[in-house]
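Coordinate analysis (summary)
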Amino acid sequence: MRVPQDIANLFAITVRDVLWFKPGVLALLKECGVPAGVIVEAKRMYEGKKATIPVVKHVLDRCAESGAEGIAASRQLLTKLYYWNDLHSVAADRKDAAVASLKAFREGFDRYKSQEEYQRAQKAQEQKMHSERVDRRTMSALDHATLRGFRDEFDRVSTITDERARGTTLEPLINKIFDYYGEDSKGPVRRVGEQIDGTLKFDSHWHYVEIRWKADKTTAQDVSVLRDRARDSYGGDTKALFISINGYSTECLESLANKSDERVILMDGYDLRCVLNCDIALDVLLAEKQAALVRDKRPFVSAAEIIRARTGGTS
């Protein structure tokens, strides 16, 4: 820690006006733990007819260069003089100057301490902010029981024959999977005239999620409703993820191919099963699908194709 120049100047002037005599200055340096080598330098400067102010400023500079011992000594010097109350030994003709110097130093030191406290508080706030940013990007710890629970729960959902009940049961499971794999997940959204099954943050974009498990395959019209909701959202560049367990009609995939403004990622039941089996992580799968959408304008790429490509075609 290097003492700021304005505080060093006030300190040096106060040492001169309060202590005055060189032996008293050297005794203060020793009492406050200034490194022995620095005290030797101060003595030599005095022997060379240097005045107290440059000697004291030199001591503070050298303490800043002397590691923990020097820093501790600087703090002790500043604190010792701040609380100095031995003014009865100051000569009468110098007392007014000593009192004025001590007052000016204390005021300056108060400002310095306030600034230090502010800087410490600011650094703590910056650290808190940084920690929150790190937390938002931290993956969930590997949890075998949770992953196994996802598989078991999906198997139970698969036995439900009523479409409405099955969809109602599947929605919270998918949102739990999002909580495990996603950057952030806020669950379903219910608004007047609108229902969104899930909201997932992935690759710094929020995605509206539609989850569908019906006998019929999903059509282009079904996808367009979700796309329009994402495009018209208040959240800016919102994207979408459509999970259709029974897949998509040929007409749907053909109508979505080669579109330059597509923002909906498509998943089907096989994709979901690959995630549940841990053949590929959800976030990795979504990244590969997004890349195919952007690079090749392909609205749907199966997890099977992605896994084969990632393993060199061996699976």
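Let me sum up the structure you'll find in this document. None of these values were measured; they are calculated from a predicted model.

What counts as what
Residues numbered from 1 in each chain as written. Predicted model: local features only at pLDDT ≥ 70, side-chain atom pairs only at ≥ 80, totals over all residues. Heavy atoms only, no water. Helix = DSSP H or I, 4+ residues; strand = E, 2+ residues; numbered from the N terminus. Buried < 20%, exposed > 50% of the residue type's maximum accessible area, 1.4 Å probe, protein only. Pairing = 2+ DSSP bridges. Contact = heavy atoms within 4.5 Å. Polar contact = N/O pair within 3.5 Å; in protein donor to acceptor, adjacent residues only side chain to side chain. Salt bridge = Lys/Arg side-chain N within 4 Å of Asp/Glu carboxyl O. Core = buried A, V, L, I, M, F, W, Y, C linked by side-chain atoms within 4.5 Å. 1 Å grid on protein atoms, 1.4 Å probe; cavity = no way out; pocket = protein on both sides within 12 Å on 5 of 7 lines; lining within 4 Å. Points joined across faces, edges and corners; volume = space filled by probe spheres on them. Nonpolar A, V, L, I, M, F, W, Y, C, P; charged D, E, K, R; others polar.

1. A word on unusual backbone geometry
Unusually for a residue other than glycine, Lys49 sits at a positive phi of about 70°. Following the sequence through the fold, Lys49 ends up in the loop between α3 (36-47) and α4 (52-64). For Lys49, a relative accessible area of 73% gives the class exposed. Even without being glycine, Lys297 reaches a positive phi, approximately 55°. Tracing the backbone shows Lys297 in the loop between α12 (282-296) and α13 (303-310). Classification of Lys297 as partly exposed rests on a relative accessible area of 35%.

2. With respect to the pairing of strand β5 (residues 205-212)
Within β5, six of the eight residues are buried, which leaves the element mostly enclosed by the surrounding structure. The turn joining strand β4 (residues 198-202) and β5, which pair antiparallel and follow one another in sequence, is formed by two residues; a positive phi near 50° is taken by Asp203. Alignment of β5 against strand β6 (residues 239-244), held across six bridges, turns out to be parallel. Bridging across to β6, Val209 finds its partner in Leu241.

3. Points about the environment of Leu29
Inspection of the secondary structure assignment puts Leu29 in helix α2 (residues 22-31). Look at Leu29 and you get buried, because its relative accessible area is 4%. For Leu29 and Ser224, which are 195 residues apart along the polypeptide, the C-alpha to C-alpha distance reads 79 Å. Those residues within four positions of Leu29 in sequence are excluded, and the remaining contacts are Val34, Ile39, Ala42, Val59 and Leu77.

4. Section: the side chain of Ser101
On the secondary structure map, Ser101 appears in helix α6 (residues 92-137). Judged by its relative accessible area of 11%, Ser101 falls in the buried class. Side chain to side chain, Ser101 and Asp17 meet in a polar contact 2.4 Å long. Once residues lying within four places of it in the same chain are set aside, the contact partners of Ser101 are Ile13, Thr14 and Asp17.

5. Describing the pattern of salt bridges
Enumeration according to the criterion identifies 20 salt bridges in this entry. Among the salt bridges present, the one from Arg62 reaches Glu65, with a minimum N-O distance of 3.2 Å. By relative accessible area, which is 24% here, Arg62 ends up partly exposed. For Glu65, a relative accessible area of 51% corresponds to the exposed category. The salt bridge partner of Arg212 is Glu210, with a shortest N-O separation of 3.7 Å. Each member of the salt-bridge network shares a partner with another, and the members are Arg2, Glu41, Asp61, Arg62 and Glu65.

6. Examining the nonpolar core
One finds Phe11, Leu29, Val34, Leu77, Trp84 and Phe105 to be the most contacted residues of the largest nonpolar core, which totals 37 residues. Listing elements by their share of this core, those giving two or more residues are α1 (5-19), α2, α3, α4, α5 (67-82) and α6. Element by element, the count of residues in this core is highest for α1, at seven residues. Among the nonpolar cores identified, the runner-up in size contains 34 residues, and Val157, Leu200, Cys274 and Leu276 belong to it.

7. Examining empty space enclosed by the protein
Taken as a whole and judged by the stated rule, the model has one cavity of 30 Å³ or more. Volume-wise, the largest cavity comes out at about 30 Å³. At the level of elements, α7 (144-158), α8 (163-181) and α11 (269-276) are the ones that each hand at least two residues to the lining of the largest cavity. Split into classes, the residues belonging to the lining of the largest cavity amount to seven nonpolar, no polar and one charged.

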